[in-house]
Amino acid sequence: MNNGHIMHSQRPVGIVGYGSYIPMYRITNAEIARVWGHESGPIKEKAVAGLDEDTITIAIEAARNALVRAAIAPEELRAVWVGSESPPYAVKPSATIVAEALGATPYLLAGDMQFACKAGTEALQAALGLVGSGMGDYALAIGADTAQGRPGDELEFTAASGGTALIVGPAEAALAVCRGSLSYVTDTPDFWRRAHEQYPRHGGRFTGEPGYFHHIQAAAEVILEEMGLQAADFAYAVFHQPNVKFPMRAGGRLGFTKQQLAPGMVSNTIGNTYAGAAITGFAATLDVANPGDRILLASFGSGAGSDAFVWEVTEAIKERQSRAPKVADYIRRRAEIDYALYARYRGKLAM
Amino acid sequence: MEHKVAHDWRLRGQRYRLEGEVCEHCGNKIFPPRDICPECHQPAKKPYTLSGRGEVYSFSTLSSAPEGFEAYAPYTVALIKLAEGPMLTAQLTDVAPNEVTIGMPVEMVTRRIRTQGEDGVITYGYKFRPALVAHAQ
């Protein structure tokens, strides 16, 4: 049945609950530009985690929102996977702490995934497989980060904090059914962080065309072609968003309009939440989606790869949208800080 | 230090997710769990997870913080009256001390409480913040 590159699960599966979390603090690009003597930055502002927040606390709140939307008991989860490039511990799973906080322990898989900005969709693919094979009825995939850019580096304008949790379950209970997914991966050295280093480095010219654009376009083009779909068949499309320019350009090349991308473009107001970025855009799109809407989701992770998914929204969406705070609610909750407070909150001061 | 790790570990249910108890004799909700109902004095061991919604009963702002909490100063500690009845003490977060009022609706979040130095365990637990979405008391 499966001659192409698309992955299909043995039984139909989908998203039964989704939830996001974005910290309340914001630093504007104008403020970062002022400190480092630049004219401006690529986005308006980015979300900054507070002193008592990290990838685990972000994951917990996003997952609680997803559980409320799914209306399942936490003990029904057979997996909690946390995708991140900023786990608080180098050794000790974030996922066991998240699972314990949710009340999901002890009968489940729990682990952390690492694939730069696509760690969240890597977890999502695995969750589709686990539930799709019938090994469990529900699996929780999370992408969350407190991303760090070296002070003065161009990444500092966008590296942000936030995350989204997606609960995969049987299609009959889903608010969005997965019609197919695909992964496209190569060894590309566009961005990395060595062990014990605080800040990542990026491979300059690898960042744009050979990294982001090549992988997202390859994944999206093949999934559309093999499913016999075109951009016009979709209500919305969401791409990994390290800034505003990249996803707009990728979308445009694939034939999508500004209107199709608009609900999922959150990077201008929260920044690049790395493993949380594409799926927080997806969550913001689900917040406004209607039954019957088809949504394309394509992530990108440096190193490098892209996961692409085709979703179809069901009748269940409308009632579940309002069960938990929406992405827009968190974007609205905003306290602006200056560079000095930002440096303190993000541990950039050596004392 | 190791004593503290074991102590925190034993309390993870109540610290992470407000797991208390409900008295099967009089229905009273109990937090923290103490296995005896403070209302009717009967055994009460049935776990009950509280909603985490409540309001500020009283509060105090600390400028001189105890060891391990210096980085958060100044911060506000409040008595929180939970929707189910119990009262507890907790740190407030995501709010400036001068924005806190008695009766303010708050909700539980799980946050970093403190860390045992740069290489020690990170302790997570409940704090309360102004309710994100208005809720009925």
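The shown structure was predicted, so the numbers you read here are calculated from the model rather than taken from an experiment.

A.B. asks: Explain the packing of helix H5 (residues 207–227) of chain A against helix H6 (residues 245–253) of chain A residue by residue, including any values.
C.D. replies: Residues and elements named next belong to chain A. Remark: H5 packs on H6, axes separated minimally by 11 Å, with the N-to-C direction vectors making an angle of 50°. Put simply, H5 runs oblique to H6. Crossing of H5 against H6: the hand is right-handed. Within the contact between the two elements, H5 uses Thr 207, Gly 208, Glu 209, Tyr 212, Phe 213, Ile 216 and Gln 217 and H6 uses Phe 246, Pro 247, Arg 249, Ala 250 and Arg 253.

A.B. asks: Lay out the nonpolar core with the relevant residues and their values.
C.D. replies: All names here are of chain A. Among the nonpolar cores identified, the biggest contains 76 residues, and Val 80, Ile 142, Ile 167 and Trp 311 are the most heavily contacted of them. With nine residues, helix H2 (residues 55–70) is the single largest residue contributor to this core. Split by domain, the residues of this core number at least three in each of domain 1 (13–175 + 320–338) and domain 2 (176–316). The contacts of Val 80, once residues within four sequence positions are left out, are Ala 95, Val 98, Ala 99, Leu 108, Leu 109, Ala 110, Gly 111, Leu 140 and Ile 142.

A.B. asks: How would you explain the pattern of salt bridges if you had to name every residue and give the values?
C.D. replies: Going through the model one piece at a time under the given rule, you end up with 26 salt bridges over all chains. Note that Glu 45 of chain A and Arg 334 of chain A form a salt bridge whose closest N and O atoms lie 2.8 Å from each other. Linking Glu 45 of chain A in strand S3 (residues 45–48) with Arg 334 of chain A in the loop between helix H11 (327–332) and strand S14 (335–336), this pair joins segments that are 289 residues apart in sequence. A relative accessible area of 3% places Glu 45 of chain A in the buried class. Among the charged side chains, a network of salt bridges with common partners joins Asp 52, Glu 53 and Arg 333 of chain A together with Asp 94, Arg 111 and Lys 127 of chain B.

A.B. asks: Explain the domain arrangement of chain A to me, and be specific about the residues and the numbers.
C.D. replies: Residue and element names in this part refer to chain A. Taken domain by domain, chain A holds domain 1 (13–175 + 320–338) and domain 2 (176–316). The centre of domain 1, based on its C-alpha atoms, is set 16 Å off from the matching centre of domain 2. Taken together, the two surfaces of domain 1 and domain 2 that pack against each other cover about 4,200 Å², and 61% of this comes from carbon and sulfur. Among the residues of domain 1 in contact with domain 2, Cys 117, Gln 125 and Leu 175 are the three that bury the most area, contributing 15% of the side total. Where domain 1 meets domain 2, there are two salt bridges.

A.B. asks: Lay out unusual backbone geometry with the relevant residues and their values.
C.D. replies: Residue and element names in this part refer to chain A. For the bond from Thr 105 to Pro 106, the omega torsion is 5°, close enough to zero to count as cis. Topologically, Pro 106 is positioned in the loop between helix H3 (94–102) and strand S5 (109–113). A cis amide bond links Gly 303 to the next residue, Ala 304, at an omega of 5°. Mapping Ala 304 onto the fold places it in the loop between strand S12 (294–298) and strand S13 (305–313).

A.B. asks: So what about the environment of Leu 128 of chain A? Which residues, and what values?
C.D. replies: Residues and elements named next belong to chain A. Mapping Leu 128 onto the fold places it in helix H4 (residues 119–132). Among the residues examined, Leu 128 registers a relative accessible area of 5% and is labelled buried. Distance from Leu 128 to Trp 311, taken between C-alpha atoms, is 12 Å for residues 183 residues apart in sequence.

A.B. asks: Describe H4 of chain A, and please don't skip the residues or the numbers.
C.D. replies: Residue and element names in this part refer to chain A. Helix length check: H4 (14 residues) gives 20 Å between terminal C-alpha atoms against 20 Å at 1.5 Å per residue, within 8%. Taken across its 14 residues, H4 has eleven buried, putting it largely inside the fold. Count one or two residues on from H4 and you reach Gly 134, which has phi positive near 90°.

A.B. asks: Give me the sheet that holds strand S1 (residues 19–22) of chain B: which residues, what numbers.
C.D. replies: All names here are of chain B. Taken together, the three strands give an open sheet; going across it, the order is S2-S1-S3, and neighbouring strands pair in antiparallel fashion. Both outer strands of the open sheet, strand S2 (29–30) and strand S3 (46–49), are each paired with one neighbouring strand and no more. Relative to S3, S1 is paired through four bridges, and the arrangement is antiparallel. Bridge assignment links Val 22 to a residue of S3, and that residue is Lys 46.

A.B. asks: Give a detailed account of the domain arrangement of chain B, specifying residues and quantitative values.
C.D. replies: Residues and elements named next belong to chain B. We note that the domain assignment places domain 1 (1–50) and domain 2 (51–137) within chain B. On a C-alpha basis, the centroid separation for the pair domain 1 and domain 2 is 19 Å. Taken together, the 15 residues of domain 1 in the interface contact 16 residues of domain 2. Carbon and sulfur atoms supply 68% of the area buried between domain 1 and domain 2, which totals about 1,200 Å² over both sides. On the domain 1 side of the interface with domain 2, the three residues burying the most area are Tyr 16, Leu 18 and Leu 50, jointly 41% of the side's total. For the pair domain 1 and domain 2, the interface holds zero salt bridges. Secondary-structure elements contributing two or more residues to the side of domain 1 that touches domain 2 are helix H1 (2–10), helix H2 (12–17), S2 and S3. With four residues, H2 is the single largest residue contributor to the side of domain 1 that touches domain 2.

A.B. asks: Outline the interface of chain B and chain A, listing residues and values.
C.D. replies: At the junction of the two partners, chain B supplies 21 residues and chain A supplies 23 residues. For the pair chain B and chain A, the summed buried surface comes to about 1,900 Å²; carbon and sulfur atoms form 53% of the total. When the buried surface of chain B facing chain A is broken down by residue, Asp 94, Tyr 124 and Leu 132 of chain B rank first, second and third, together holding 29% of it. Here chain B and chain A share eight salt bridges between them. Taking the shortest distance from any N to any O, the salt bridge between Glu 61 of chain A and Arg 129 of chain B comes out at 2.7 Å. Secondary-structure elements contributing two or more residues to the side of chain B that touches chain A are H2, strand S7 (105–115) and strand S8 (122–130) of chain B. When residues of the side of chain B that touches chain A are assigned to their parent elements, the largest contribution, five residues, is made by S7 of chain B.

A.B. asks: Provide a residue-level description of the pairing of S12 of chain A, including the pertinent values.
C.D. replies: Residue and element names in this part refer to chain A. Within S12, four of the five residues are buried, which leaves it mostly tucked inside the rest of the structure. Summarising the sheet, strand S11 (residues 236–239) and S12 pair through four bridges and their orientation is parallel. Bridging across to S12, Val 238 finds its partner in Leu 297. As judged from the five bridges shared by S12 and S13, these two strands associate in the antiparallel manner. Its bridge partner lying in S13, Arg 294 is registered against Glu 312. Hairpin remark: S12 followed by S13, antiparallel, with six residues in the connecting loop; positive phi at Gly 303, about 120°.

Calculation notes
Residues numbered from 1 in each chain as written. Chains lettered and ligands numbered in written order. Predicted model: local features only at pLDDT ≥ 70, side-chain atom pairs only at ≥ 80, totals over all residues. Heavy atoms only, no water. Axes fitted to C-alpha atoms, helices over the stretch in contact; angles between N-to-C directions. Helix = DSSP H or I, 4+ residues; strand = E, 2+ residues; numbered from the N terminus. Parallel < 35°, antiparallel > 145°, perpendicular 65-115°, else oblique. Left-handed = near helix turned anticlockwise from the far one by under 90°. Contact = heavy atoms within 4.5 Å. Core = buried A, V, L, I, M, F, W, Y, C linked by side-chain atoms within 4.5 Å. Buried < 20%, exposed > 50% of the residue type's maximum accessible area, 1.4 Å probe, protein only. Domains from an automatic or database assignment. Salt bridge = Lys/Arg side-chain N within 4 Å of Asp/Glu carboxyl O. Buried area = accessible area lost by both parts, 1.4 Å probe. Expected span 1.5 Å × (residues − 1). Pairing = 2+ DSSP bridges.

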